[in-house]
Amino acid sequence: MPTTPATAAQISPEIASNGVQPSGVPAPIMLELVDEEGRTIGTAEKLAAHQAPGQLHRAFSVFLFDESGRLLLQRRALGKYHSPGVWSNTCCGHPYPGEAPFAAAARRTFEELGVSPTLLAEAGTVRYNHPDPASGLVEQEFNHLFVGLVQADPRPDPEEIESTAFVTADELVERHAAAPFSAWFMTVLDAARPAIRELTGPSGGW
C-alpha cells in the first residue's frame, strides 16, 4: 500500500480566495464530473450535481485511526443541507476541478477537524449511487479512498461537525445499529477495509 506523508494542498489562487467573487456574490462551488472509469469529462455546480438523478463526480473519503486502532468518526453538523446530524467517516468531500484527490483529502481533513494526518495512504476507489431519502439529493460518486493515522486531538469546525468519536470495530457495530449514519458510510468502509486491515493489523478487528 503506497504511503505518503500528508502535506498541505497546493491550490490555485482562485481556489485559495475567500470564495467571494469581485461582485461580492459567493462563487459557486464546482465539482469535477467523471466517466465510469474516473476520467474527467467536465464540471458542474455542487448542488446541481447532487440533484436527482445525480451526475457522476469525483469525491474522496478519509478514514483516520489513532495509535490504538480506533476509527475517528464525525457527526455532521445539523446546519448542513446534505445529510445533517448523521455519523460518518473521518472526512469526505470533493476535490476542486484539477485538484489531486490526495491533496483535497489532506486539505479538507485539516479544514474540518483542525488536524493533519501523520500518515495518509491511498486505499483504492469505489463507485456508488446512494440517494439520501431525507433531502432527496443523490450521491453519484467516483470516490477515492484514503486511510491514515492521527495523533493530535481533533479541533472540529462547528459549522461542519457536530461532534467526534473514536471507536473500535465492535463499538462501531453498536453505534451503527443505534444511530443514523450517512447513506454512503458502509459502502466506503467496506471498500477501504483491506487497506484498513493492513494499517491497523489483525488485532484491530477491522
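Residues numbered from 1 in each chain as written. Predicted model: local features only at pLDDT ≥ 70, side-chain atom pairs only at ≥ 80, totals over all residues. Heavy atoms only, no water.

J.: Describe in detail the packing of aromatic side chains, supporting the description with residues and values.
T.: Counted according to the given criterion, the structure contains three aromatic pairs. A ring pair is formed by Phe181 and Phe185, whose centres lie 4.9 Å apart and whose planes are at 50°; its orientation type is tilted. By the burial criterion, Phe181 is buried, and Phe185 matches it. Positioned above the aromatic ring of Trp87, the side-chain terminus of Arg175 is 4.6 Å from the ring centre. (Phe/Tyr/Trp six-rings, centres within 6.5 Å; stacked < 30°, edge-to-face > 60°. Buried < 20%, exposed > 50% of the residue type's maximum accessible area, 1.4 Å probe, protein only. Lys NZ or Arg CZ within 6 Å of the ring centre and 35° of its normal.)

J.: Tell me about the side chain of His94, residues and numbers included.
T.: Within the secondary structure layout, His94 lies in the loop between β7 (91-93) and α2 (101-113). Relative accessible area serves as the criterion here: at 16%, His94 is assigned to the buried category. Within the structure, the side chain of His94 is placed 3.5 Å from the side chain of His50, a separation counted as a polar contact. In this structure the side chain of His94 is engaged in a polar contact, spanning 3.4 Å, whose partner is the side chain of His57. Aside from chain neighbours lying at most four places away, what touches His94 is Leu31, Lys46, His50, His57, Arg58, Ala59, Phe60, Arg107 and Glu141. (Helix = DSSP H or I, 4+ residues; strand = E, 2+ residues; numbered from the N terminus. Polar contact = N/O pair within 3.5 Å; in protein donor to acceptor, adjacent residues only side chain to side chain. Contact = heavy atoms within 4.5 Å.)

J.: Now, about the side chain of His50: what can you tell me, with residues and values included?
T.: Within the secondary structure layout, His50 lies in helix α1 (residues 46-50). A polar contact of 3.4 Å, which involves the side chain of His50, links it to the side chain of His57. Those residues in contact with His50, other than ones at most four positions away along the chain, are Leu31, His57, His82, His94, Leu137, Val138, Glu139 and Glu141.

J.: Lay out the environment of Pro180 in plain terms, naming residues and giving numbers.
T.: Along the polypeptide, Pro180 turns up in the loop between α3 (169-178) and α4 (185-200). For the pair formed by Pro180 and Ser88, sequence separation is 92 residues and the distance between their alpha carbons is 9.0 Å. Not counting residues within four places of it along the chain, the set of residues in contact with Pro180 comprises Val86 and Trp87.

J.: Quick one: what's the story with α2, residue by residue and with numbers?
T.: At 3.6 residues per turn, the α-helix brings residues three or four places apart onto the same side. Between its first and last C-alpha atoms α2 spans 18 Å; for 13 residues at 1.5 Å apiece the expected length is 18 Å, and the two agree. Taking burial as the measure, the 13 residues of α2 include eleven buried ones, the bulk of the element. Taken as a whole, α2 has its buried residues at Pro101, Phe102, Ala103, Ala104, Ala105, Ala106, Arg107, Arg108, Thr109, Glu112 and Leu113. (Expected span 1.5 Å × (residues − 1).)

J.: How would you sum up the pattern of salt bridges? Please name residues and give values.
T.: For the structure on display, the rule yields eleven salt bridges. We note a salt bridge from Arg107 to Glu111, for which the minimum N-O separation is 3.2 Å. You can see Arg107 and its partner Glu111 sitting in helix α2, four residues apart, about one turn around the helix. What makes Glu111 partly exposed here is its relative accessible area of 35%. With a shortest N-O distance of 2.7 Å, Glu111 and Arg108 are connected by a salt bridge. Taken together, the positions of Glu111 and Arg108, both in helix α2 and three residues apart, correspond to about one turn of that helix. (Salt bridge = Lys/Arg side-chain N within 4 Å of Asp/Glu carboxyl O.)

J.: Describe the state of the cysteines, naming the residues involved and giving the relevant values.
T.: Per the stated rule, a full pass over the model turns up zero disulfides. Looking at Cys91, it has no disulfide partner, and the nearest cysteine sulfur is the one in Cys92, 6.3 Å off. For Cys91, a relative accessible area of 0% corresponds to the buried category. (Disulfide = S-S within 2.5 Å.)

J.: Lay out unusual backbone geometry with the relevant residues and their values.
T.: Cis geometry is adopted by the peptide bond preceding Pro53, which originates at Ala52 and carries an omega value of 5°. Here Pro53 shows up in the loop between α1 and β4 (57-65). Unlike most non-glycine residues, Ser83 shows phi in positive territory, near 55°. Here Ser83 shows up in the loop between β5 (71-76) and β6 (87-88). Accessibility expressed as a relative area gives 6% for Ser83, which makes it buried.

J.: For the UniProt feature "binding site: Mn(2+)" (unreviewed entry) in the chain, give the residues involved together with the corresponding values.
T.: With numbering matched to this structure, UniProt assigns "binding site: Mn(2+)" (unreviewed entry) to His50, His57, His94, Glu139 and Glu141. For this annotated set, covering 92 residues, all C-alpha atoms fall within 11.9 Å of each other, a compact arrangement in space. A relative accessible area of 1% places His50 in the buried class. A polar side-chain atom of His50 sits 2.8 Å from the main-chain carbonyl oxygen of Lys46. Locating Glu139 in the fold gives a position in strand β9 (residues 138-149). Contact partners of Glu139, with chain neighbours within four places excluded, come to His50, His57, His82, Tyr128, Asn129, His130 and Trp184. (UniProt positions renumbered as here; feature names shortened; annotations may be inferred.)

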